[in-house]
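# Coordinate inspection notes
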Amino acid sequence: MKDRFSSILVVMILATFIWTASRPTVSAEDEPSSRPAAVASEPDSTGGDEITIPGMQLDEADAMLMTHYARRAIRAGFKGTAEGGEPYVPPSLEGKTGVVYVTLWRGGVEMAAANSDEMPVISATMAAAAAAGKALKSDHLNDPTGCEDCGLEIEWMGPDEPISPPYFREGTTYTADLLGAIDPGVNGVAVSFDGKKGRTPASEIIQRHYSPDVAIIAAEGKIGLSLEDKLLHPEKVSYFRNDSLHLWQPDAKAKPERLIRGELLVRPDAVTPDNVDAAIKRTGDYLLYRQNSNGAFSHEYVPSADRYLNKSDALVQLRSLYGMSRLAAYRKDAKSEQGAANGIAAFSRYLEDLNFQISTQEGAKVAPGGGRILYIPGHENHLESTAYLMLSMASVPDHATYEPEMRGLTKTLLYAQLSDGSMRLILGKAPEGPPTAKEDRAGATALAALAQRYALTKDANIDTVMLETLGYYTSRANDLSADASAWLIRAYAQQYTQTGQPRYEAFVFMMADRFASLQLTPESSPSPELWGAIAPSKSISAEAKTALYVSALSDALRVARRTGDTERVRVYEQAVSLGTRFIMQLEFSETGAYYVRSKLDVVGGIRSKPWDANLRADLCAFGVVTLIDARTSLFRK
């Protein structure tokens, strides 16, 4: 009785602390007049204290209770003593069962881990924790504290939910329905065969960068389920999914925090000037960290393997350079400006005179004298790479330094316009067939670079090309990829601010309305960690590419303000704000990096997806750009 009273008293004391599921804040084809769909949430719809997270629920007192009992059981297991007394089970957890995983971490190193059988949740927590304590004693006999300073990870996997067969097609290939039943990082997966059950918890899916099929294979491996077993006895194999509730406690004195897909939840009301400024600093510093002394960027870091991929891609590099140039323009500090200068110098070595010509039905089209092209051996997308280099040069504060190069690049980009109005730089041959998605994206990026150049020079030749290409891209608006559409918004919004041409305005609104309608909002998605993502493929496509689309909406917002379109201002403001929340959700935080040994290699980076912690340099760069665009469009800095 005394132990139970003491446990209740501990919980009552701990419950006086404030529980929060968000990352800690930091101080300080439509005409222009048509009404867009009100796709974003109302301003106050997410500003309350309660945001419901789908799946299992746990209040702050229960979370504190679980970590209290877990720590107590770890100590008992480590010392080899009895745990003492029957645990108190609060009414909210009565009848709740599941499998609990307990892991102790120190500096990103796993010190001990264990899991329970399926049983009542408090008992399961204590059983797993006691086993972890025993494992700690076996492996770390010289730890006198019993890992009191260790971080404590608790994952409660709820009851098994059967996934309906069939599971296999063409032998042992998994069906789409089986793979689609698993929401990575939210669901764990289990497989049973011959009286044994293997599990892959949701946390493992996040930490080890598992796709659904790999998560299933991992669960099969834990019970030795073989290919032969599945071929000979498919009727004996069953698959399950589980909801997961994931807690993290940095040390024994800290309050536990709930993780969603391995990260703290960023609330919509966290998008404030101070918080966005702080995010720009963190992500900008990380981008600088990823730049090497030769001006290039490390391609991709894989936290699950604790290594950088030995790979380089010209467009990834040039997109990263663009992000660095935008950072330099925003910060105007020596370190960022030097980073941009180093990157521009690294790629300027590949500039060549444009000495090509193509044959068309109208005759030969001769390259302009003085044209310059970024010609990288082994890289075919010369138009897009050339465009990114000019975007970078035109963005930095000392852009006048690159005036001779930009004059040549401008001639090349103007030369890329074909007689049908499209932008396609096809060297040494006539165009064959309609543009590919890559060619569309390259042409759109080239127009954005030309618009950036027009803002500096007011070159009438650029505005002529912008008007001539507008009809072509308007006629193909329904066929364009999301990336091409976003860059076209950026191009024509920039040109509108310089010229006031109504046709640019109409095109920007037509395209931006579509992006806003594809955004995941509190009204369209039950998963708050995905709010703000723009998912144009209508599939599981909530990913870092959203950054480009939100930047396009930021540009459209500026156009709406200039034209006095108050309804679009409202819709775009909400869309940009919520999209910024999603980019902030993708940021690797100190808390989310609990399992990573080298925090410098992850903290501040932009994860590829909420369930994919890989950090590719250009996606991190686009994240920086979008935070800057949102800061300036929402808060008028």
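Cut-offs used in this document
- Residues numbered from 1 in each chain as written.
- Predicted model: local features only at pLDDT ≥ 70, side-chain atom pairs only at ≥ 80, totals over all residues.
- Heavy atoms only, no water.
- Phe/Tyr/Trp six-rings, centres within 6.5 Å; stacked < 30°, edge-to-face > 60°.
- Helix = DSSP H or I, 4+ residues; strand = E, 2+ residues; numbered from the N terminus.
- Buried < 20%, exposed > 50% of the residue type's maximum accessible area, 1.4 Å probe, protein only.
- Lys NZ or Arg CZ within 6 Å of the ring centre and 35° of its normal.
- Patch = residues over 30% accessible without salt bridge, like charges linked within 9 Å, V, L, I, M, F, W, Y side chains within 5 Å.
- Areas by Shrake-Rupley, 256 points an atom, 1.4 Å probe, with all protein chains shown as cover.
- Salt bridge = Lys/Arg side-chain N within 4 Å of Asp/Glu carboxyl O.
- Axes fitted to C-alpha atoms, helices over the stretch in contact; angles between N-to-C directions.
- Parallel < 35°, antiparallel > 145°, perpendicular 65-115°, else oblique.
- Left-handed = near helix turned anticlockwise from the far one by under 90°.
- Contact = heavy atoms within 4.5 Å.
- Nonpolar A, V, L, I, M, F, W, Y, C, P; charged D, E, K, R; others polar.
- Core = buried A, V, L, I, M, F, W, Y, C linked by side-chain atoms within 4.5 Å.

## Describing the packing of aromatic side chains
- Under the criterion given, the structure shown has 19 aromatic pairs.
- Ring centres 6.3 Å apart and planes at 35 degrees place the aromatic pair tyrosine 286 and tyrosine 289 in the tilted group. Here tyrosine 289 and tyrosine 286 lie together in helix H8 (residues 273-290), a separation of three residues that amounts to about one turn.
- The class for tyrosine 286 is buried, based on a relative accessible area of 3%.
- Its guanidinium or amino end placed over the ring of phenylalanine 240, lysine 197 lies 4.4 Å from that ring's centre, counting from NZ or CZ.

## A word on a nonpolar patch on the surface
- On the surface, a nonpolar cluster with roughly 310 Å² of combined accessible area is contributed by Leu227, Leu231 and Leu232.
- Tracing the sequence through the fold places leucine 231 in helix H7 (residues 227-232).

## A few points about the packing of H8 against helix H19 (residues 617-635)
- Look at H8 against H19: their axes get within 9 Å of each other, and the N-to-C directions meet at 155 degrees. When the interaxial angle is binned, H8 and H19 end up roughly antiparallel. Pair H8 / H19 crosses with left-handed handedness. Side by side, H8 and H19 meet where Pro273, Val276, Asp277, Ala279, Ile280, Thr283, Gly284, Tyr286, Leu287 and Arg290 of the first sit next to Ala617, Cys620, Ala621, Val624, Leu627, Ile628, Arg631 and Phe635 of the second.
- Residue composition of the contact of H8 with H19, by class: 13 nonpolar, two polar and three charged.

## Looking at the nonpolar core
- In this structure, Leu389, Leu447, Leu450, Tyr473, Trp487, Tyr492 and Tyr572 are the most contacted members of the largest nonpolar core, which totals 136 residues.
- Counting residues per element, this core draws most heavily on H19, at 11 residues.
- In this structure tryptophan 487 touches Tyr322, Tyr388, Leu391, Ala444, Thr445, Ala448, Leu548 and Phe622, once residues within four positions along its chain are discounted.
- Met66, Ala114, Ile122 and Ala130 belong to the second-largest nonpolar core, a separate cluster that totals 33 residues.

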